[in-house]
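A closer look at the structure
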Amino acid sequence: MKKCERCSKPSVLHITEIRHGEVQARHLCESCAKEYLNQPVSATSPSEAVAASLAETDDDVDDLTCPECGMTFKEFRANGRLGCANDYQVFRGELLSLLENIHGETQHVGKVPKRAPDASQKQYRLIKLRSRLRAAVDDEQYEEAARLRDEISALEAESAD
Amino acid sequence: MDLERLTRTSGEWLKGSGAESDIVMSSRVRLARNLAKYPFPTRADEETRCEIEHLLREQFDGRPAGLRLNYCEIHGLESLDRQLLVERQLISREHSQDQAGRAVAFNDEECVSLMVNEEDHLRMQVIHSGLSLEECWRQMDALDDALESGVTYAFNEQFGYLTACPTNAGTGIRVSVMLHLPALVMTKEISKVFQALQKIGLAVRGLYGEGSQAMGDFYQISNQVTLGKSEVELIKTIQDVVPNIISYERRVRQALIKENRQSLHDQVARAYGILRTAQTISSEETMHLLSSVRLGINLGLIDDLEIPAINSLFIHTQPAHLQKLQRQRLESTERNVVRAAYIRSFLANGGRPDTM
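The rules we used
- Residues numbered from 1 in each chain as written.
- Chains lettered and ligands numbered in written order.
- Predicted model: local features only at pLDDT ≥ 70, side-chain atom pairs only at ≥ 80, totals over all residues.
- Heavy atoms only, no water.
- pLDDT = per-residue confidence, 0-100.
- Helix = DSSP H or I, 4+ residues; strand = E, 2+ residues; numbered from the N terminus.
- Phe/Tyr/Trp six-rings, centres within 6.5 Å; stacked < 30°, edge-to-face > 60°.
- Buried < 20%, exposed > 50% of the residue type's maximum accessible area, 1.4 Å probe, protein only.
- Lys NZ or Arg CZ within 6 Å of the ring centre and 35° of its normal.
- Contact = heavy atoms within 4.5 Å.
- Buried area = accessible area lost by both parts, 1.4 Å probe.
- Salt bridge = Lys/Arg side-chain N within 4 Å of Asp/Glu carboxyl O.
- Polar contact = N/O pair within 3.5 Å; in protein donor to acceptor, adjacent residues only side chain to side chain.
- Nonpolar A, V, L, I, M, F, W, Y, C, P; charged D, E, K, R; others polar.
- 1 Å grid on protein atoms, 1.4 Å probe; cavity = no way out; pocket = protein on both sides within 12 Å on 5 of 7 lines; lining within 4 Å.
- Points joined across faces, edges and corners; volume = space filled by probe spheres on them.
- Patch = residues over 30% accessible without salt bridge, like charges linked within 9 Å, V, L, I, M, F, W, Y side chains within 5 Å.
- Areas by Shrake-Rupley, 256 points an atom, 1.4 Å probe, with all protein chains shown as cover.
- Lys, Arg positive; Asp, Glu negative; His and termini not counted.
- Charge placed at Lys NZ, Arg CZ, Asp CG, Glu CD.
- Expected span 1.5 Å × (residues − 1).
- Arc of directions from axis to C-beta.

All right, on to the confidence of the model for chain B then. Residues and elements named next belong to chain B. Of all residues in chain B, 97% have pLDDT values of 70 or greater, and the mean over the chain is 92. When mean pLDDT is compared element by element in chain B, strand E4 (residues 112-116) scores highest at 98, while strand E9 (residues 202-205) scores lowest at 89. What the predictor reports for the complex is a pTM of 0.81 with an ipTM of 0.87.

If you want it as structure tokens, here you go:
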């Protein structure tokens, strides 16, 4: 029987953890396992996750500075918090890969402020419909897919006017 | 506003009603929003934060979505009062740090709470008893629309609602359910649940959110991704997985009852006995015993106590609540004595708070 990795008692609990896509096996005795499972369940907070995925950034982008709030990319790297909305433009290139890492996507498809101009409202509906179309095709829901396709081309024709 | 009043009441979300409320303590939806043209709170100076606060307060005073909101500035509040708001789940621990410009608005039922100048300018939460995510979202969506008619949010076509931390960008939504899973903890099956949830990108946290301990066998399950999926899709992810966990917990409860009725009954009865008679008791032990009693009520092993009563004990036995009740600061050992007395009188009174 394998020994507990923290003390020398026999291990009775075998935990396979998947964190940030990495698989890790743990072998623990009963008391160590209890302690282990009772620690804060989500050990990595979102900001730690941000910091971790930022650790390998190039040095030369560190000097990027937002003219509006004065935040440098280096500062953002250090504390994981952006300074203002404009940072999303200034650090756009770096944020794209970061957001891809965190969310697996880089395009918003949710709610849009009612105040957004008509053109972008329409743009959003198209993005949303296309994403639903992809999902429908993946699920082999072809009737729904056909309906969505028609709705998309109608909306596109409308925009072209 | 009079925070004293809070120690005599409980939030609506503790009432133990709504679907699956034996296992689902509460459902919650929160949105992160920022005002365009202002730096995010951590980057804003005191003057700017106060300007933002005034701007938002005006909106709250206009009864957005028909809500009558109590308003409370965090700055200048005694530390005990700030801790009380955390225990009530009206503000986060981060927000309880005294800083000029911080405020919270909440309705009398405590199902809506709006934090001003936390990590983002506005953090809104709607919380309800039982499994009721759709209701939470409907109310949240309407409130968000109402506020948006008075202010301009920071929003970008690609990244959605812009937030201080990129982990919240896009929808800015966090959808969560608080589950009471004593049987899965008892049988250690809970680790399988964690693994399964992590695989589908959901986070598991304790009673008081990020980084908190899993107290009283309560676990909060929430989405991690906020960008690239719609609010409704994210809600559906949680909604689809929760029934599986509920039925898993129920299956294990039934198996325990079937195979181990006597020892389970013994554990529940002892927990109830200690709570009714103890002379000094820590917060940790209280949570642990209350969890057994809550399970006992749901399994019909205890029949002279109601779920809402036990739900409110989880909150009312926390440190700041006890100290507010006693109207004085107490050391931990003194609190343990006061806590035991409070619980004894509460239970002797059939689950109603006594005037101490």
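Okay, the packing of aromatic side chains next. With the rule as written, the count across this model stands at nine aromatic pairs over all chains. On the numbers, 5.2 Å between centres and 70 degrees between planes, the contact of A:Phe73 with A:Phe91 is edge-to-face. Of the two residues, A:Phe73 is situated in helix H3 (residues 73-79) and A:Phe91 in the loop between helix H4 (87-90) and helix H5 (92-103); the sequence distance between them amounts to 18 residues. Exposure remark for A:Phe91: the relative accessible area of 0% places this residue in the buried category. Centroid distance B:Phe194 to B:Tyr219: 5.3 Å. Interplanar angle 65 degrees. Geometry classified as edge-to-face. Taken together, the residues B:Phe194 in helix H5 (residues 190-199) and B:Tyr219 in strand E10 (residues 218-223) connect sequence positions 25 residues apart. With a relative accessible area of 12%, B:Phe194 lands in the buried category. Here the aromatic residues A:Phe73, A:Phe76 and A:Phe91 are joined through ring pairs into a cluster of three or more. It is B:Arg33 that lies over the ring of B:Tyr153; its NZ or CZ is 5.6 Å from the centre. We note B:Arg276 situated over the ring of B:Tyr272; from NZ or CZ to the ring centre the distance is 4.0 Å.

Each side of the interface is counted separately: chain A has 47 residues, and chain B has 56 residues. Across the chain A to chain B interface the summed buried area is about 4,500 Å²; carbon plus sulfur atoms make up 56%. Put simply, chain A and chain B have six salt bridges between them. Between B:Arg43 and A:Glu75 there is a salt bridge, with its nearest N and O atoms 2.8 Å apart. One can count 20 residue pairs in polar contact (both at pLDDT 80 or more) joining chain A with chain B. Those elements that provide at least two residues to the side of chain A that touches chain B are strand E1 (13-19), helix H1 (30-38), helix H2 (46-54), H3, H4, H5 and helix H6 (118-138) of chain A. For the side of chain A that touches chain B, the per-class residue count stands at 24 nonpolar, 15 polar and eight charged.

This part covers empty space enclosed by the protein. Residue and element names in this part refer to chain B. Enumeration over the complete set of coordinates arrives at two cavities of 30 Å³ or more. By volume, the second largest cavity amounts to about 40 Å³. Lining the second largest cavity are Ser26, Ser27, Arg28, Gln89, Ile127, Ser176, Val177, Met178 and Gln220. Listing elements by their share of the lining of the second largest cavity, those giving two or more residues are strand E1 (24-33) and strand E8 (173-180).

Residue and element names in this part refer to chain B. Where like charges cluster on the molecular surface, the negative patch consists of Asp45, Glu46, Glu47 and Glu51. Residue placement: Glu47 occurs in helix H1 (residues 46-61). Using a relative accessible area of 64% as the deciding quantity, one classes Glu47 as exposed.

A few words on H5(A). With 12 residues, H5(A) should cover 16 Å at 1.5 Å per step; its first-to-last C-alpha distance of 15 Å lies within 8% of that length. Positive backbone phi, at 75 degrees, marks A:Gly104, one or two positions downstream of H5(A).

This part covers the pattern of salt bridges. Overall, the coordinates contain 28 salt bridges over all chains when judged by the stated rule. Note that A:Lys114 and B:Asp145 form a salt bridge whose closest N and O atoms lie 3.0 Å from each other. Of the two residues, A:Lys114 sits in the loop between H5 and H6 while B:Asp145 sits in helix H3 (residues 133-148), which places them in two different chains. Linking B:Arg5 and B:Asp108 is a salt bridge whose minimum nitrogen-to-oxygen distance equals 3.7 Å. Of this pair, B:Arg5 sits in the segment before E1 while B:Asp108 sits in the loop between strand E3 (103-106) and E4, and the two are 103 residues apart along the sequence. A relative accessible area of 28% places B:Arg5 in the partly exposed class. Beyond isolated ion pairs, a larger network of salt bridges with shared partners links A:Lys111, A:Lys114, B:Arg33, B:Asp141, B:Asp144 and B:Asp145.

Residues and elements named next belong to chain B. Its 16 residues give H3 an end-to-end C-alpha distance of 22 Å, which sits within 8% of 22 Å, the value for a rise of 1.5 Å per residue. Along H3, the residues that are buried comprise Leu133, Cys136, Trp137, Met140, Leu143, Asp144, Leu147 and Glu148. An end-on view of H3 places all buried positions within 135 degrees of arc, on one side of the element.

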